[in-house]
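Observations on the three-dimensional arrangement
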Amino acid sequence: MRSHTKKDNIEYHFIIEYFRKYLKSHLVAFFFYILTVLFNLSIAYVMMQVLDKAIVNRQMNDLIFYLLCYLIGSMLLNVLQVTIDYIYDKIGKKILVTLRISVLKHLFKLDGESLTELNTGFMLSIMHSDIPLLETVLTKMFPSIIISVLTSIGFILLLLFVQPFLLLIILFFEVLTFFVQKKIGDYVKNINEEFINNNTKSYSILQEIFSNAKNVIIMKGILFFTHKFLSNERNLMKSDLKLEVSQTVSNAANNACNALTNFIVLGIGGYMVLKNKITIGGLVMFLNYSGRLLSPISVISQSYIQYQQAKISINRILNFMNHSTKSKHNGIQENDFKGDITFHNVNFAYKDKRVLMNINLEALNGKVTNIIGASGSGKTTLINLLMRFWDINSGIITIDGINIKDFNLSYLRNKISVVSQDVIMFDDTILNNLILKQKIDMDEVIKCLEMADAYDFIMALPNQLDTMIGEKGVTVSGGQRQKLALARALLLNSPIIIFDEVTASLDNVSAKKIENTILKLCPNKTIIIITHKLSISKLSDYIYVLDDGSIVESGTHEELIILPNGIYSHMYSMK
Ligand SMILES: Nc1ncnc2c1ncn2[C@@H]1O[C@H](COP(=O)(O)OP(=O)(O)OP(=O)(O)O)[C@@H](O)[C@H]1O
Ligand SMILES: [Mg+2]
């Protein structure tokens, strides 16, 4: 029971926290809001005076005076309204940015499992649907409820003072029309939901088609997707039409309700004017403001719906924020980092799937360590563990004798660069893809490009280093991407560099060049080369052969080559 109450309060605490953050601006805006209530009431009163005091009594001076008051009051009211909106908009936009940044920061701290299971659609909807939905709830929702209640009480008191009987009749009538309007509103809302659902479906079908257009053609899927899109488009058209019609009908019904209210006010009020029970000014005030008397009910009911939606969004955001992270802020950050890696009796499973068994391995600074194994034997997993995307189940991994769990996580990750199997290029220029916003000397960039054998092909591109690459840029071949990734890793200049199948998609000449580069890095770095080919193993200082999650052979090329029935020697003889 207690935990239930606690859960209920999560959203409430979230909202309060954001109120507190911008308390000063909230107080200023609220003060202006209170002024608008006073101005609204005063303007209504002045309006009555224009008719009753000035026009009816034919007093020119009074007319000028009250009209001036009316004009100045209305202008000031507008200025106040703009100021209030500006303050709340500013708070709202700041909150959006803060929330989005904190989601993004959290994302980069997630552990490997959460990262693997991350759903792009879910993340995008948090960023683009859930967070914007909170803007009103976290800014002006509660103040506007209070203000609409205060305004309405003010008008009720004012009209009560003008003509209590007419007020009672109108209130009764308004309650009736309120329920009619609500029923119509609910109906339109349901149709609107149907429309939104169909629209979302259409959006996701299109996304699927656009991101895979080439594959759709290759797989002969054109007919399938066209049909899928068309049938949804038909539903969308139907619900769109239904929505348009129901909106028109609902507008007409609302107008009819308003006309009826005016009819009652004018009818009964007019009769009262004839009988001298109300002044002309009083009647005009009823006509102008009686429509607002029940506005707090609709403000509250709309806010309630918004609040319910916001609660769902807050929960989705908090759920994501509760995903486990691997952050260790207070870990070791300053040490004489050399980069001597050891795995000692390491066992690891992804959930229930055992992947590494009793791994003992050493990769030392100044040496090239080669890990060889068939596809799926667990090579990339070794990197995942070293970078702490996952933590091991038993054993210990150390760098320079320190358990990697004791390092500050970003410090540790900054010390390791990985040139990985799947190279990602961002939608930016080649240069930005290489330096990733760091301040790097151009000479250094060119040196690294030459080392990665990428300089020549970049210079042949139309805009050279400023050529756009990635999603909307030029397409480079798989091998060229690999070279760029290598140059990027070299620029990072980390003490540990891991090459995961870097030469797999390269021709022999390029592969040889890159292998030479890697070997040249060796004197002051820890180099780990992961391959399922033997190309570089002869030049490596030490070789581990990984088979189905266990290290089955280890030694130098010369030692392994002579092992009878050894996997390595068998692979070498097949080469
Ligand atoms: N995130 C994950 N969750 C569950 N299982 C995984 C995950 N990543 C890898 N595996 C499994 O772990 C095993 C080892 O994968 P790993 O990527 O380490 O192999 P690899 O030796 O690098 O293979 P390749 O040479 O094909 O790159 C595979 O059976 C794979 O299915
Ligand atoms: Mg791999």
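Up top is the structure.
Not measured: the values here are computed from a predicted model.

Considerations on the sheet that holds strand E4 (residues 394–399)
- Reading across the sheet, the four strands line up as E2-E1-E4-E5 and stay open at both edges, with antiparallel pairing between neighbours. Strand pairing shows two members of the sheet lacking a second neighbour, strand E2 (353–363) and strand E5 (402–403), which therefore form its edges.
- Bridge count between E4 and E5: two bridges; the pairing is antiparallel. When the sheet's bridge partners are listed, Ile-399 is paired in E5 with Ile-402.
- This element, helix H12 (residues 379–386), spans strand E1 (341–350), E2 and E4 of the sheet and lies at about 105 degrees to E1.

Points about the sheet that holds strand E12 (residues 550–555)
- Pairing is mixed across the open sheet formed by six strands, whose spatial order is E6-E9-E10-E3-E11-E12. Every interior strand has two partners, whereas the edge strands, strand E6 (416–419) and E12, have only one. The average angle at which neighbouring strand axes cross in this sheet is 20 degrees, direction not considered.
- Two elements, strand E9 (residues 496–500) and strand E10 (residues 526–531), share five bridges in a ladder whose sense is parallel. Counterpart to Ile-498 in the pairing with E10 is Ile-528.

With respect to the pairing of E12
- Summarising the sheet, strand E11 (residues 542–547) and E12 pair through five bridges and their orientation is antiparallel. What sits directly across from Leu-546, in E12, is Ile-551.
- Following E11, the chain reverses through two residues before pairing antiparallel with E12; Asp-548 in that reversal takes a positive phi of roughly 50 degrees.

Concerning empty space enclosed by the protein
- In this structure the tally under the stated criterion is three cavities of 30 Å³ or more.
- Approximately 70 Å³ is the volume found for the largest cavity.
- Lining the largest cavity are Phe-343, Leu-361, Ile-371, Leu-382, Ile-383, Leu-386, Ile-498, Ile-528 and Ile-530.
- Tallied by class, the residues present in the lining of the largest cavity amount to nine nonpolar, no polar and no charged.
- Approximately 50 Å³ is the volume found for the second largest cavity.
- For the second largest cavity, the full set of lining residues is Leu-385, Trp-390, Asp-391, Ile-392, Ile-397, Asn-403, Ile-404 and Lys-405.
- Of the residues in the lining of the second largest cavity, the class split is five nonpolar, one polar and two charged.

Conventions and cut-offs
Residues numbered from 1 in each chain as written. Chains lettered and ligands numbered in written order. Predicted model: local features only at pLDDT ≥ 70, side-chain atom pairs only at ≥ 80, totals over all residues. Heavy atoms only, no water. Pairing = 2+ DSSP bridges. Helix = DSSP H or I, 4+ residues; strand = E, 2+ residues; numbered from the N terminus. Contact = heavy atoms within 4.5 Å. Axes fitted to C-alpha atoms, helices over the stretch in contact; angles between N-to-C directions. 1 Å grid on protein atoms, 1.4 Å probe; cavity = no way out; pocket = protein on both sides within 12 Å on 5 of 7 lines; lining within 4 Å. Points joined across faces, edges and corners; volume = space filled by probe spheres on them. Nonpolar A, V, L, I, M, F, W, Y, C, P; charged D, E, K, R; others polar.

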